[in-house]
Structures are given as C-alpha cells and as structure tokens.
Amino acid sequence: MKRILSGIKPSGDMNIGGYGGALHQFVKLQHDYECFFFVPDLHAVTVQQDPKELHQRSRDIAAFYVAAGVDPKKATIFLQSQVPAHAELGWLMETQAHFGELSRMTQFKEKSDGKDIVSSALFTYPVLMAADILVYQATHVPVGEDQKQHLELTRDLAMRFNSRFGTTFVIPEPIIQDTGSRIMGLDDPSKKMSKSNPIRNSYVLLLDSPDDIRKKFARAVTDSEMNVRYDWDQKPAVSNLIEIYSVFSGDPLPTIEKRYEGQGYGAFKKDLAEIVVEKLIPIQDHYKQLVHSEELNRILKEGAARAAEIADHTLLSAKRAMGFVTFEG
Ligand code: TYM
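Cut-off values and rules
Residues numbered from 1 in each chain as written. Predicted model: local features only at pLDDT ≥ 70, side-chain atom pairs only at ≥ 80, totals over all residues. Heavy atoms only, no water. Helix = DSSP H or I, 4+ residues; strand = E, 2+ residues; numbered from the N terminus. Rg over C-alpha atoms; globule rule 2.2 N^0.38 Å. Buried < 20%, exposed > 50% of the residue type's maximum accessible area, 1.4 Å probe, protein only. Contact = heavy atoms within 4.5 Å. Areas by Shrake-Rupley, 256 points an atom, 1.4 Å probe, with all protein chains shown as cover. Lys, Arg positive; Asp, Glu negative; His and termini not counted. Charge placed at Lys NZ, Arg CZ, Asp CG, Glu CD. Core = buried A, V, L, I, M, F, W, Y, C linked by side-chain atoms within 4.5 Å. Domains from an automatic or database assignment. Near = heavy atom within 4 Å. Polar contact = N/O pair within 3.5 Å; in protein donor to acceptor, adjacent residues only side chain to side chain. Nonpolar A, V, L, I, M, F, W, Y, C, P; charged D, E, K, R; others polar. Buried area = accessible area lost by both parts, 1.4 Å probe. Salt bridge = Lys/Arg side-chain N within 4 Å of Asp/Glu carboxyl O. 1 Å grid on protein atoms, 1.4 Å probe; cavity = no way out; pocket = protein on both sides within 12 Å on 5 of 7 lines; lining within 4 Å. Points joined across faces, edges and corners; volume = space filled by probe spheres on them. Pairing = 2+ DSSP bridges.

## Quick look at the overall build of the chain
Piece 1. Across its full length, the chain carries 13 helices and five strands.
Piece 2. Taken against the 2.2 N^0.38 rule, which gives 20 Å for 329 residues, the C-alpha radius of gyration of the chain at 21 Å falls within 12% of a compact globule.
Piece 3. Taken over the C-alpha atoms alone, the chain extends approximately 70 × 45 × 40 Å along its principal axes.
Piece 4. Looking at the chain residue by residue over its 329 residues, the buried ones come to 52%.
Piece 5. For the chain, restricting intrachain contacts to residue pairs at least 6 apart in sequence, the fraction spanning at least 24 positions comes to 75%.
Piece 6. When the accessible surface of the chain is summed, it comes to about 15400 Å², and 52% of that surface belongs to carbon and sulfur atoms.
Piece 7. Placing the 39 positive and 44 negative side-chain charges of the chain at their respective mean positions leaves the two points 1 Å apart.

This is how it looks when you write it as structure tokens:
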C-alpha cells in the first residue's frame with residue numbers, strides 16, 4: 001500500500017509557492033495514494049506566534065486543503081496538535097538524532113541566522129518532522145525542493161532506529177515534482193517565494209484580490225530580452241513565471257514557450273495573471289464558506305480520530321522496540 005503524509009505550516013498567510021510545491025500536488029496525488037494531509041501547528045510555534053493568528057491560520061490551511069480540491073472522504077485531514085503521538089514519537093526520535101547533523105540543516109541555519117534568541121524547538125524541528133512522517137509509515141512525502149534535506153534526515157533516522165531496535169519504520173521517499181517545486185519571489189528570482197518576506201509584491205497570496213494579483217504579476221521582474229523562453233541559468237525571472245503559468249494552467253512548459261513566441265512579455269504576464277485569478281477565485285469562495293463552519297470542525301475531528309488510530313499503533317511498536325513497559329494490545 002502506498003501512503004502519503006504531508007502538510008503546510010500555519011505560520012503565515014498561504015501563498016502560491018506552497019500551492020505549487022505542495023497543495024497542488026496533494027489534489028492530484030489523492031487519487032493514487034492513501035493520503036494524510038495535516039496542519040503542522042506544533043511546527044509553527046517553533047518561532048513565536050500570536051495565539052489568535054495561529055488559531056486562525058490553522059483553520060485557514062485546513063480550509064484551503066478542502067477548498068483547493070482535497071476530498072475529505074478520500075484523504076484524512078487533521079491538525080498535528082490533536083494527535084499526541086506526533087510529539088511523543090518526536091521525543092523518542094530526538095534520542096536518535098545527533099547534534100551535529102541537526103546543526104547542518106540549512107533551514108535551521110537560515111531561520112536562526114542573526115537572531116538573538118532561538119528556541120530549542122527550532123533546532124529539533126526536523127526531528128518532529130521525521131516523527132510526523134514515520135508515525136504513519138508513509139511511503140511517500142510530496143514536498144517542495146526546500147524540504148529535501150529534512151526528508152534525507154528522516155530517512156537516516158528511520159534507518160538508524162530500524163538497525164538499532166529492529167525494523168519498525170517504513171523508509172519514506174520524497175515526491176518532488178519537476179515543475180513548481182521551487183517557486184521564487186516575483187521581485188527576485190534568487191529568493192524562494194516566502195510568506196515571511198516583508199516585500200508584499202514578492203508573493204501572491206491565495207487570498208489576494210484579483211486586482212492585487214494582476215498588479216503583482218504586472219510588476220514581476222523579467223529581463224531585457226523580451227523572449228518567453230525557459231532557461232533557469234540565463235533567464236531565472238521569466239523561467240519562474242513560466243513555471244507558475246504551468247502549475248496554474250496544467251500546460252507543459254514547451255507549449256507555453258511556443259504560445260508566446262515572438263510576443264514579448266506584456267501578453268504573457270497578463271494571461272498569467274488571469275489564469276491565476278481564474279484558479280484562485282473558486283478556491284477563495286469555497287474557503288470562505290468553510291473556514292468558520294461546523295463542517296470544517298467535523299472534518300478535523302474525524303480526521304484526527306482516523307489519524308490517531310494509525311499513529312498510536314506505530315508509536316506503540318516503537319516504544320516496545322525500545323524496551324518501554326507497555327500494557328496495550
Ligand atoms: P512549509 O509550510 O514551509 O511549506 C509547505 C510546503 O510547501 C512547499 N513550499 C514551496 N514549494 C515551492 N515553492 C515555494 N516557494 C515553496 N514554499 C513552500 C514546501 O516545500 C512544503 O512542501 N517543514 C514543513 C512542514 C512539515 C511537513 C511535515 C511537511 C512539517 N512536518 C511532514 C511534510 C511532511 C514546512 O515548513 O513546510
């Protein structure tokens with residue numbers, strides 16, 4: 001059985017980077033895998049969060065999953081903090097992780113760089129992420145390029161645990177798609193599109209108005225060549241826009257290049273904005289219906305109960321393997 005676990009952190013307003021690298025994949029993959037899509041709220045609090053904002057954003061992410069097309073009858077949708085086995089397995093896995101390997105995590109280095117105070121949870125963040133994945137015995141994990149190193153650590157920890165205590169965990173594989181796994185800022189194609197960037201024109205939010213989306217794409221940097229060609233080395237800004245176009249339209253990259261051959265950037269950027277608007281409007285409408293609804297509460301409660309059944313089972317195996325006294329089952 002092929003099983004997926006993945007999630008998007010509720011640490012900022014959701015943008016089209018997370019849509020391209022993750023959510024858009026979730027919708028496609030739900031037909032071929034048993035899926036668990038969760039909201040990693042325990043990961044969000046590794047940096048200080050305003051409690052009201054955390055609360056709202058956690059509901060937002062869950063609502064976006066459903067609004068974008070994840071079917072709660074097919075996939076299990078839940079909040080990480082409602083399945084205690086994540087945190088408990090996280091602690092057990094911390095006993096297997098090495099200080100040195102965690103110090104080498106590039107996301108930790110980026111997020112802690114220049115900060116006076118860094119929580120110890122930010123340092124052990126990737127171990128909790130490993131526990132998220134291993135506790136479901138996930139075979140596959142769809143993520144954007146920036147999570148690749150965390151996936152490698154997850155595999156290392158699982159193999160280390162299995163060789164010390166006997167086979168307990170499935171070794172998961174990442175799924176990193178060719179297009180959309182690394183969406184860059186609209187103002188600067190050398191920086192990942194990120195919800196924490198203070199420059200508002202660098203990202204498009206899933207809840208941006210059509211006018212804002214049009215303005216942001218109109219202002220997106222390109223180059224002086226006036227040629228819609230996909231070439232990351234020579235034309236990173238335009239290549240980034242072509243990838244966004246491909247994610248939102250479903251058209252392959254060469255089809256897009258061909259469509260705008262000899263036309264410059266004006267028509268291309270205008271069409272791109274319309275394609276994104278067209279895709280996001282129904283998602284926004286569905287999101288608004290869901291976000292404060294009883295239906296969302298029900299999806300999350302049922303999801304947590306289903307998730308906990310599997311997670312508790314794996315946790316028990318891991319505890320037994322390590323020698324803890326257990327009385328269940
Ligand atoms: P997060 O919340 O930063 O991002 C969620 C997902 O979106 C992808 N992503 C992007 N993909 C392409 N271009 C971008 N600009 C972009 N920005 C974000 C990320 O790669 C990710 O797949 N640590 C994870 C959350 C997490 C998790 C897990 C994921 C916790 N436990 C277990 C998978 C499995 C994170 O911070 O993602």
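So that's the structure; there's more coming.
## A few points about the nonpolar core
Piece 1. Core analysis: the largest hydrophobic core is formed by 61 residues, its most contacted members being Ile16, Tyr19, Leu23, Tyr65, Phe217 and Ile244.
Piece 2. Here the element with the most residues in this core is helix H12 (residues 266–290); it accounts for nine residues.
Piece 3. Domain assignment of the residues forming this core places at least three in each of domain 1 (3–182 + 293–322) and domain 2 (200–288).
Piece 4. Setting aside its immediate chain neighbours within four residues, tyrosine 65 contacts Gly7, Ile8, Leu23, Phe26, Phe37, Phe38, Val39, Val70 and Ile77.
Piece 5. Leu102, Phe123, Tyr125 and Ala130 belong to the second-largest nonpolar core, a separate cluster that totals 39 residues.

## Section: the side chain of arginine 57
Piece 1. Note on placement: arginine 57 falls in helix H3 (residues 51–68).
Piece 2. Assessed through its relative accessible area of 16%, arginine 57 is described here as buried.
Piece 3. Contact partners of arginine 57, with chain neighbours within four places excluded, come to Pro10, Ser11, Gly12, Asp13 and Gln49.

## Remarks on the site of the ligand
Piece 1. Taken together, the neighbourhood of the ligand is formed by 28 residues, with Lys9, Tyr125, Asp132, Asp146 and Ile183 sitting nearest.
Piece 2. Between the ligand and the protein, one listed contact pairs a nitrogen atom with a backbone N or O atom of glycine 17 at 3.2 Å.
Piece 3. Between the ligand and aspartate 146, the relevant distance is 2.4 Å, taken from an oxygen atom to a side-chain nitrogen or oxygen of the residue.
Piece 4. Relative to its unbound accessible surface of 700 Å², the ligand loses 96% to contact with the protein.
Piece 5. If you list the elements that add at least two residues to the shell around the ligand, you get strand E1 (3–7), helix H1 (16–29) and helix H7 (120–134).
Piece 6. Of the residues in the shell around the ligand, the class split is 12 nonpolar, 10 polar and six charged.

## Let's talk about unusual backbone geometry
In terms of backbone geometry, most residues other than glycine have negative phi values and most peptide bonds are trans.
Piece 1. In the Ramachandran plot, glutamine 137 falls in the positive-phi region, its phi being about 55° despite a non-glycine side chain.
Piece 2. Tracing the sequence through the fold places glutamine 137 in the loop between H7 and strand E4 (140–142).
Piece 3. Its identity as a non-glycine residue notwithstanding, methionine 226 has a phi of 60°, on the positive side.
Piece 4. Position of methionine 226 relative to the elements: it lies in the loop between helix H9 (210–219) and helix H10 (236–249).

## Observations regarding the domain arrangement of the chain
Piece 1. With domains assigned, the chain is organised as domain 1 (3–182 + 293–322) and domain 2 (200–288).
Piece 2. Taken over C-alpha atoms, the centre of domain 1 sits 29 Å from the centre of domain 2.
Piece 3. Of the roughly 1600 Å² buried between domain 1 and domain 2, counting both surfaces, carbon and sulfur atoms make up 72%.
Piece 4. Of all residues in domain 1, Ile16, Tyr19 and Phe64 give up the largest surface area on contact with domain 2, accounting jointly for 39% of the area buried on that side.
Piece 5. Linking domain 1 to domain 2 there are zero salt bridges.
Piece 6. Our count for the contact surface shared by domain 1 and domain 2 stands at four residue pairs in polar contact (both at pLDDT 80 or more).
Piece 7. Among the elements of the structure, H1 and H3 are those that each provide at least two residues to the side of domain 1 that touches domain 2.
Piece 8. Split by residue class, the side of domain 1 that touches domain 2 holds nine nonpolar, seven polar and four charged.

## Examining the layout of surface pockets
Piece 1. Within this model, the second largest pocket holds a volume of roughly 220 Å³.
Piece 2. If you trace the second largest pocket, you find it lined by Asp41, Leu54, His55, Ser58, Arg59, Leu79, Ser81, Gln82, Asn297, Leu300 and Lys301.
Piece 3. For the lining of the second largest pocket, the secondary-structure elements that each account for two or more residues are H3 and helix H13 (294–322).
Piece 4. Sorting elements by how many residues they give to the lining of the second largest pocket places H3 first, with four residues.

## A look at the pairing of strand E3 (residues 76–79)
Piece 1. Where burial is concerned, the two faces of E3 agree: the one with Thr76 and Phe78 and the one with Ile77 and Leu79 are both buried.
Piece 2. Bridge count between strand E2 (residues 34–39) and E3: four bridges; the pairing is parallel. Looking at the pairing, valine 39 lines up with leucine 79 of E3.

## So, the pattern of salt bridges
Piece 1. Under the definition given, this model contains 18 salt bridges.
Piece 2. In this structure, arginine 155 engages glutamate 173 in a salt bridge whose closest nitrogen and oxygen atoms are separated by 3.8 Å. You can see arginine 155 sitting in helix H8 (residues 148–165) and its partner glutamate 173 sitting in strand E5 (residues 173–175), a full 18 residues away along the chain.
Piece 3. Taken together, the shared-partner salt bridges in this structure form one network comprising Asp223, Glu225, Arg229, Asp231 and Lys235.

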